[in-house]
Amino acid sequence: MMRLPLHCALPLLGAVLLLIALTSLYSGAMPLTMNDTWLALWGYGDPTHQLVIWQIRLPRSLMAMAVGALLALSGAVLQGLFRNPLADPGIIGVSGGAALGAGLAIVLLPTLTLPWLTLGSTTMLAFIGGMLTTLLVYRLGRGPFGTSMAMMLLAGVAVGAIAFSVLGLLNYVADDEQLRDLSLWQMGSLAGASWQRVALTLLMATLFWGWSQRQAGSLNALLLGEPEARHLGVAVEHLKRQAILLCALAVGIAVAAAGMIGFIGLMVPHLVRLISGPDYRRLLPLSALGGALLLLCADLLARAIAPPAEVPVGLITALLGAPFFLWLLHQQRGGRP
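Cut-offs applied
Residues numbered from 1 in each chain as written. Predicted model: local features only at pLDDT ≥ 70, side-chain atom pairs only at ≥ 80, totals over all residues. Heavy atoms only, no water. Patch = residues over 30% accessible without salt bridge, like charges linked within 9 Å, V, L, I, M, F, W, Y side chains within 5 Å. Areas by Shrake-Rupley, 256 points an atom, 1.4 Å probe, with all protein chains shown as cover. Salt bridge = Lys/Arg side-chain N within 4 Å of Asp/Glu carboxyl O. Lys, Arg positive; Asp, Glu negative; His and termini not counted. Charge placed at Lys NZ, Arg CZ, Asp CG, Glu CD. Helix = DSSP H or I, 4+ residues; strand = E, 2+ residues; numbered from the N terminus. Buried < 20%, exposed > 50% of the residue type's maximum accessible area, 1.4 Å probe, protein only. 1 Å grid on protein atoms, 1.4 Å probe; cavity = no way out; pocket = protein on both sides within 12 Å on 5 of 7 lines; lining within 4 Å. Points joined across faces, edges and corners; volume = space filled by probe spheres on them. Nonpolar A, V, L, I, M, F, W, Y, C, P; charged D, E, K, R; others polar. Expected span 1.5 Å × (residues − 1). Bend = angle between axes of the 7 residues up to and from the residue. Polar contact = N/O pair within 3.5 Å; in protein donor to acceptor, adjacent residues only side chain to side chain.

Novice: Describe a negative patch on the surface, naming the residues involved and giving the relevant values.
Specialist: On the surface, a cluster of negative charge is contributed by Asp175, Asp176, Glu177 and Asp181. Looking at where glutamate 177 falls in the secondary structure, it is placed in helix H7 (residues 176-187).

Novice: Can you break down the pattern of salt bridges residue by residue, with the values?
Specialist: In total, this model carries 10 salt bridges according to the counting rule given. Across the salt bridge formed by aspartate 279 and arginine 282, the nearest N and O atoms sit 3.9 Å from each other. Notably, a salt bridge pairs arginine 303 with aspartate 299, separated by 3.5 Å at the nearest N-O pair. Taken as a pair, arginine 303 and aspartate 299 lie in helix H13 (residues 280-304) at a separation of four residues, close to a single helical turn. Residues arginine 303 and aspartate 299 agree in their burial class; the two are buried.

Novice: Can you lay out the layout of surface pockets for me, pointing to particular residues and giving the numbers?
Specialist: In this structure, the largest pocket occupies an estimated 430 Å³ of space. Contributing to the lining of the largest pocket are 24 residues, with Leu184, Gly188, Ser189, Ala191 and Gly192 lying nearest its centre. Elements supplying a minimum of two residues to the lining of the largest pocket: helix H5 (121-141), H7, helix H11 (236-258) and H13. Of the residues belonging to the lining of the largest pocket, the class tally is 12 nonpolar, seven polar and five charged.

Novice: So what about the environment of cysteine 247? Which residues, and what values?
Specialist: Mapped onto the elements of the fold, cysteine 247 is located in helix H11. Linking cysteine 247 and threonine 133, residues 114 residues apart in sequence, is a C-alpha distance of 13 Å.

Novice: Can you break down helix H3 (residues 47-82) residue by residue, with the values?
Specialist: Between its first and last C-alpha atoms H3 spans 51 Å; for 36 residues at 1.5 Å apiece the expected length is 52 Å, and the two agree. The sharpest bend along H3 comes to roughly 35°, located at isoleucine 53. Burial analysis of H3 places 28 of its 36 residues in the buried class, which makes it a mostly covered element. For H3, the side-chain oxygen to backbone nitrogen distance between the N-cap and threonine 48 is 2.8 Å, and the N-cap itself is aspartate 46. Once H3 ends, the next one or two residues include arginine 83, with phi positive near 50°.

Novice: Before we move on, could you go through unusual backbone geometry and cite the residues and values that matter?
Specialist: Look at arginine 83: it is not a glycine, yet its phi comes out positive at around 50°. Exposure remark for arginine 83: the relative accessible area of 40% places this residue in the partly exposed category. Positive phi values are uncommon outside glycine, yet phenylalanine 263 reaches one of about 75°. Looking at the secondary structure, you find phenylalanine 263 in the loop between H11 and helix H12 (264-276). Accessibility expressed as a relative area gives 25% for phenylalanine 263, which makes it partly exposed.

Listed below in structure tokens is the structure:
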């Protein structure tokens, strides 16, 4: 497959992302023309159009791009740490912990209100749950000779299974309204987008991208193996700690803001790797743009399937991601599609 140079791929992806973002602004239950959208963006035209653009569609589109970028960057970094193209952000337990935290907030603490917290108790407890499970997985993976990625993988599977088992019990004891809220949250949605969530996700995406770009050379060295990376001067344990913590923060914020949205962290880095190669200097920026584009497209599709109703965006990404995962497994065992 022909590989595109970075100076060609970045503008191309950026242009497509901008086009889809503009399309998402005038598409929806209330269709707007391009002229209506443009006027509303600049504070002119119908006040209702301005309200739809500035309070619903623009924050939703921006949050879709930020969450998609966070998930794709996390997937790219974790695939480098585990040296496995099948690695996914959920591998470190953050998704299961976030789901459990949200379940506790919805089922056991439905009246919990924190006046100082504008993001809501469900969002906060989901983030805390994701961080706690990640710290537990990291602690279980630590040994006398450093962090074992194989042990972390096994610990992540076990902790995730426990978290989803407890979540199943919460589903069992929940009433009808709580069960619906919990099910919708688990399927992922961008309908709860707000400017506070946009600010948080965009800030985290910017910080995570900046860190990952600085560590691109170290991640390239790590692909050769940990002993080789150490010989090249990479502080491997320090890199692992930073990467796992920042991936947990990134995925925790993404899941807390938008619910469970799967497969982006698996699909996007692998597709980018096929196009641009394994060099993290190209892989990271293209993965961020690719993740933003994929989730924005999935959200646009979720709103267009059965208007004015919305299909949960997590279902769209799962429908796209599951066949891709099967194809990837086929490739891993040496077959041909």
